[in-house]
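# Architecture at a glance
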Amino acid sequence: MKRLIAIELQKIWKNRASKVLTIGYFVILSFIALIASIKFNIGTFKIHFAEMGIFNFPFIWHFNTWMASLLKFFLAVVIVSMMANEYSYGTLKQNLIDGMSKKEFILSKFLTVLLFALTSTIFILVLSLILGFSFSSYTELSIVFSDLEYLLAYFVKLLGFFSFCLFLGVLIKRSAFAIGFLFIWFLVEKISYGFAKFEIFDRNPMVDKVYAFMPLESMSNLLIEPFSRLSVIKNIQTAVGENNVKDFDVHFSSIIIVLAWTAIFIFSSYKIIEKRDL
């Protein structure tokens, strides 16, 4: 396995665009820390994000993982390009000539996806601990290490999303078209959900249960936006008469659905490579 990962990392590192995007991704992730310095005044109303409790334990686990998940498209481009370059530069055929089996080839890609997801999760873990101990009002260990399921949800979300990107790269061969298809798939899920929910079935909750099995929607359900949990947001909602109660928990069923999609994407990628004339 080390040999397979080493081969893939070497390919990425020798590609200038992939190297820049990968480094840029982790640099931008660290910019989450800059949120602590944001202060602005609206008349007599003063806002300082760090004082709003966004870096309090255990809320920080939810906030940081959700924020970081918005940046996953940087690595999505790397993963799609990683696969597209195999066709463009003929390295896939060369790897097979050199003795690598098609199963090992897909395994090497999946291990790279796994490594990206794991590295990103560890990065957010360390960043959250630094920010939490710097700004949190609660630093008791029992509080610090509660709600760590958000890190698990973040890891599974990245793993599923990157596996989807890998599948599109294998299927479509061209990175620009693969990224375009990803965006179109996102729009199809969102538009069809809105049409079904509000036009056809008149807000029937069954629509949510059905769409929870869609690939991108199931990944989105792992981490719900965290801002509604903040007391200042709750106070504003109460003041305007809104009583929108959200379920912010990480559900085991959501994790299983995304892992199932991950397995489907990787297996489908292998089958395409296995049957395709390279």
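Everything numeric here is computed off the predicted structure, so don't read it as measured data.

Glancing now at the packing of helix α8 (residues 149-172) against helix α13 (residues 252-275). Two elements in contact, α8 and α13, have axes separated by 9 Å at closest approach and are oriented at 25°. It follows from the interaxial angle that α8 and α13 lie roughly parallel. The way α8 lies across α13 gives a crossing that is left-handed. Counting all contacts with α8, which are made through Leu152, Val156, Leu159, Gly160, Ser163, Phe164, Leu166, Phe167, Val170 and Leu171, the residues of α13 involved are Ile255, Val258, Leu259, Thr262, Phe265, Ile266, Ser268, Ser269, Ile272 and Ile273.

For the rest of this paragraph, the subject is unusual backbone geometry. Of note, the amide linkage connecting Phe57 to Pro58 takes the cis form, showing an omega dihedral of 0°. By secondary structure assignment, the location of Pro58 is in the loop between β2 (45-48) and α3 (59-69). A positive phi angle is found at Asp147, which is not glycine, with a value near 65°. Summarising the element assignment, Asp147 is placed in the loop between α7 (141-144) and α8. Overall, the relative accessible area of 21% leaves Asp147 in the partly exposed class.

To continue, consider the packing of aromatic side chains. Evaluated as defined, the whole model comprises 17 aromatic pairs. With centroids separated by 6.2 Å and ring planes inclined at 55°, the aromatic side chains of Phe161 and Phe162 adopt a geometry described as tilted. Taken individually, Phe161 and Phe162 each receive the classification buried, so the pair is uniform in this respect. Through a chain of ring-to-ring contacts, three or more aromatic side chains come together here, namely Phe55, Phe59, Phe63, Trp66, Phe135 and Phe227. Across from the ring centre of Trp13, 5.3 Å away, lies the NZ or CZ of Lys19, which sits over that ring.

Cut-offs used in this document
- Counting restarts for each chain: residues are numbered from 1 in the order of the written sequence.
- Totals for whole chains, interfaces and linings use all residues, but because this is a predicted model, local features are given only for residues with pLDDT of at least 70 and pairs of side-chain atoms are given and counted only at 80 or more.
- The basis for every side-chain value is the complete set of heavy atoms in the structure, and neither hydrogens nor water enter the calculation.
- Helix axes use the C-alpha atoms of the stretch in contact, all axes being lines fitted to C-alpha atoms, and the angles between their N-to-C directions lie in the range 0 to 180 degrees.
- Starting at the N terminus, helices and strands are each numbered in turn, a helix being any DSSP run of H or I of at least four residues and a strand any DSSP run of E of at least two.
- With respect to orientation, any angle under 35 degrees is reported as roughly parallel, any angle over 145 as roughly antiparallel, any angle of 65 to 115 as roughly perpendicular, and every other angle as oblique.
- Left-handed is the label given to a crossing in which the near helix is rotated counterclockwise from the far helix by less than a right angle, and right-handed is the label when the rotation is clockwise.
- Here a residue-residue contact requires only that any non-hydrogen atoms of the pair lie within 4.5 Å.
- Exposure is judged per residue with a 1.4 Å probe applied to protein chains only, and the accessible area is read against the type maximum: over 50% gives exposed, under 20% gives buried, and values in between give partly exposed.
- The aromatic pairing rule takes the rings of Phe, Tyr and Trp, using the six-membered ring of Trp, and pairs them if the centres are within 6.5 Å, calling planes under 30 degrees apart stacked, those over 60 edge-to-face and the rest tilted.
- By definition, being over a ring means that NZ of Lys or CZ of Arg is both within 6 Å of the ring centre and within 35 degrees of the ring normal.

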